[in-house]
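# Coordinates in review
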Amino acid sequence: MVRVPTGKVAVPELPWWFVPRPRLWRRLDEACGTRLVAVIAPAGSGKTVLLAEWAREDPGTRTAWVSLDADDADPRRLRAAILAAVAAAGADTSAATDVGTDGDGGDPTDALLDTLDAVRPPVRLVLDDVHVLAGHRSGFDVITRLLRRDPAGVRLVVAARSDPPLALPRLRVEGLLTELRADQLRFSPEDAAALLEGSGAGLDAREVAVLHRRTEGWVGGLRLAAIALRRSEAPAAVLARFDGDERSVADYLTGEVLGGVPAASRSVLQDVSVCGRLPEALAVALTGRPDAAHVLDELVHGAAMIERVAPAEYRVHGLLRSHLAADLARHRPARHRELHVAAARWWAEHHETAHALRHAERAADPRLTTELVRRDGLGLLLAGHLAPLRRALAFVGPGNRQEDARLALTAALTHLEDHDPAAAAAELLRAREACPAGGEPAPEALRHGTELLAAGLRGARGDATGRRPVAPVDGVPSSEPELAALVHLGRAEAALAPGSGTSPAVAHDDIRRALALARAHGFAALEAKASTLLAVAACGDGDPRAIAAAARDAQAAAVRSGQHSAAATALAVALGAYAELLHGEPERARARCDGELGARQALPPDAAYALHLVRAVARAEGGVRSEQATALTEARAAREAIDGLPLPAPVAGALAVLEFRTAIRSGSHRAAGEVVDWLRARTGETPEVALMRAWAEAASGRHAAARTLAAAAAAGAAVDNGARGGGLLVEVHLLEAEASLQDGDEAAGRASLYRAVHEARTLDLVRPFAEAGVRTRAALLATGEPSTPFGARLVAACAAAREDTAPASLSERELVVLALLPSLLNAPAMAEELVVSVNTVKTHIRSIYAKLGVSTRRDAVSRAYERELLA
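What comes next is a walk through the structure. (Residues numbered from 1 in each chain as written. Predicted model: local features only at pLDDT ≥ 70, side-chain atom pairs only at ≥ 80, totals over all residues. Heavy atoms only, no water.)

This paragraph deals with empty space enclosed by the protein. Any empty space left between the atoms is revealed when a probe the size of a water molecule rolls over them. One pass over the full model with this rule turns up 5 cavities of 30 Å³ or more. Its volume calculated, the largest cavity comes out at about 250 Å³. Forming the walls of the largest cavity are 20 residues, and the residues nearest its centre are G542, Y578, V657, G727 and E731. Put simply, the parts of the chain that give the lining of the largest cavity at least two residues each are α26 (524–541), α28 (566–583), α32 (649–665), α34 (687–699), α36 (726–742) and α38 (767–770). With 5 residues, α32 is the largest single contributor of residues to the lining of the largest cavity. Along the lines of polarity and charge, the residues of the lining of the largest cavity split into 10 nonpolar, 4 polar and 6 charged. (1 Å grid on protein atoms, 1.4 Å probe; cavity = no way out; pocket = protein on both sides within 12 Å on 5 of 7 lines; lining within 4 Å. Points joined across faces, edges and corners; volume = space filled by probe spheres on them. Helix = DSSP H or I, 4+ residues; strand = E, 2+ residues; numbered from the N terminus. Nonpolar A, V, L, I, M, F, W, Y, C, P; charged D, E, K, R; others polar.)

Structure (structure tokens):
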């Protein structure tokens, strides 16, 4: 008779770090129709706790539990343990023969199965730690026969660190297997937060996110971190150094995860630990073993923390990888460097320079790093991979850049991307010393392109010495498309700078060539920059459709390049909002600007100016004096902040006209005059300056002078080969219409208005009509309800402008929000009540304030009662 300890067949108690996981309970419950439930994951994944939690969660279903150990490889002990567990679960096993013996009275395993077949109601039979039977066929024979017989009285559940030899593939194909693997057992960020909070770690949300990312949701890692944090008086220090080399983690990985890995497989695992991404071919290159993929596949199904993430690619868990790599660097430093060099060269051969540079740095190999930056640094920059490039240039150091023009010029370009012209100028000086004018073509073209971009950033042509950069693309080798793209981009940016003296048509051509190269060669960051420049150039045309399309393209390309920060896309976002203003959608423009400015990130000066200016103008809509005054103050502050800093000429002109028209509409002629003077000082006598002066004359009733200045603006646009055609010509036609109508020439006035509407329709341009003269708006309204959607929008814009001075009526939705203002509900609570977003509620509240002419919630409620909007 085999004695079975009570603790061996008892459902384990739940530990202190237990976190309920109902989603996984339900998954286990749903598996009732399968023959086998297998929970397979490395050590520390929470298998036992999950199954114990499941058993305790549903006391109506009895659970027979066996905690296996190596002695259970003896079939007699295993049979006895299973029978004892079923009895402990409350099943009647009194009729069972002695299943623990192998006498002559028949097959004891058959006797066990007969007993299990008769158990009613059925029980769950959990065999925990099945992996301890590895290498003992006899123990698995009992379980295999149990699976084959599938007795009606039990439902088999096994937990193991590695795949047990139980014909899992066949069961999987036949639909008789339910599996929970490591990826399903990982803790979510919410689970991790609950565990750490329960441990008293005292971490905030950001610190929990950091720890969850480092442990990858591995429960064992989170538990060890919680213990270390609880014991430490400096939790920040623990968090900063927590990785696979931390003592408790290293001990656990060595004893529980790597302890059962054969020496040869462990050597393979250590060699590949220098890599995060691990394609099969790279594993072969690092280990020198043609069968490396086979070894890794065995580890995937074994107890090691490694997974196949693609058909030909693996990934070692971050904590295990950092433990193995640190151990390798400590005990075999030469091998550690050798593996990083091999990885760098493999990634470079496969055109993954960002990965190659990371390995070259970790190998502490400046020569290899220099070689990679010289060859592929510009491509990295144009593709948007700035972080690895910055690290590599810092590692190479200024001394090497002093001797290598290409390195220095690449560094200069990274500084220009960071909007740091002073640092870029220092690198340009290094480049000139290393590569004087007239040197080899590629560095010469690179230098010219860099100087053109620097000139555009400074806002004027020429370098610091006053020389005008000339960058013919003819000298660029066809094998280096990144150089040609850079030169085109530099020429376009310089052409769009104030005072360039270059036709915008030339900038358009260079931008399109740069875009074609960027799209053909996957330079996503260059595509984002060129698309933003295309939106900039379209500002000079006053073409909202072109501006919006280019702005969208810029944002999409920035995302593809990995540039998710507000700084990378802020100007494109601002120009998209400007396009919405031109379309006649001020609320959408304002919301877009609010979102970008609320991101609390440092923004480039040109983007910050554009966002504040567009938001200010959008805020001024509605005719409420207090809002208009606030808007003009914000616009003036934005203009003063950009003073002396670079700003593309089309953006300066377009936004100056926007601010000017708002000032005129608000009756602030002094503010309008300041805008004219500001733009003239920045760009000289441009068509936009003439246009603003014309509107100033019209606002003062001097329509003949306005007509003369409008003609000058149109002539200036014509000189630019039509680049400033559409939007500016709509404004000119509207000025001519107002002048003619004021002179009593109805026919000429209506003819000019017709030309304005015709030109605007091709651009989907609405805003100028809302700001047109009184007679022009009246003439448009007198035409009746237009038959086209565009005409309807024009009439609506003119009608809204006519009512600027009248009390604005609240929309139906605004009245609903107004009704909630007397309550104690805040904006999130109102949003929940109305089933809308918080931003929508805030937008309605701002609109209510504007229409009621107030600035506080208390005043809004008081004014609403006065106007009988609230009862």
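There is more to say after this.
Right, let's talk about the pairing of strand β8 (residues 313–316) for a bit. Where strand β6 (residues 278–279) lies against β8, 2 bridges are found, and the strand directions are antiparallel. By the bridge assignment, L278 is partnered in β8 with Y314. Here strand β7 (residues 306–310) pairs with β8 via 4 bridges, running antiparallel. When the sheet's bridge partners are listed, R308 is paired in β8 with Y314. (Pairing = 2+ DSSP bridges.)

This next bit is on the environment of E814. With respect to the helices and strands, E814 occurs in helix α41 (residues 812–820). Judged by its relative accessible area of 6%, E814 falls in the buried class. In this structure the C-alpha to C-alpha distance between E814 and I845, which are 31 residues apart in sequence, comes to 7.5 Å. Side-chain polar atoms of E814 contact the side chain of S847, separated by 2.6 Å. (Buried < 20%, exposed > 50% of the residue type's maximum accessible area, 1.4 Å probe, protein only. Polar contact = N/O pair within 3.5 Å; in protein donor to acceptor, adjacent residues only side chain to side chain.)

It is the contact of helix α14 (residues 280–287) with helix α17 (residues 333–349), at a shortest axis distance of 10 Å, that shows an interaxial angle of 140°. You can see that α14 and α17 cross each other, and the crossing is right-handed. Residues A281, L282, A285 and L286 of α14 form the contact with α17, whose own contacting residues are R335, L339, A342, A343, W346 and W347. Its residues assigned to classes, the contact of α14 with α17 shows 9 nonpolar, no polar and 1 charged. (Axes fitted to C-alpha atoms, helices over the stretch in contact; angles between N-to-C directions. Left-handed = near helix turned anticlockwise from the far one by under 90°. Contact = heavy atoms within 4.5 Å.)

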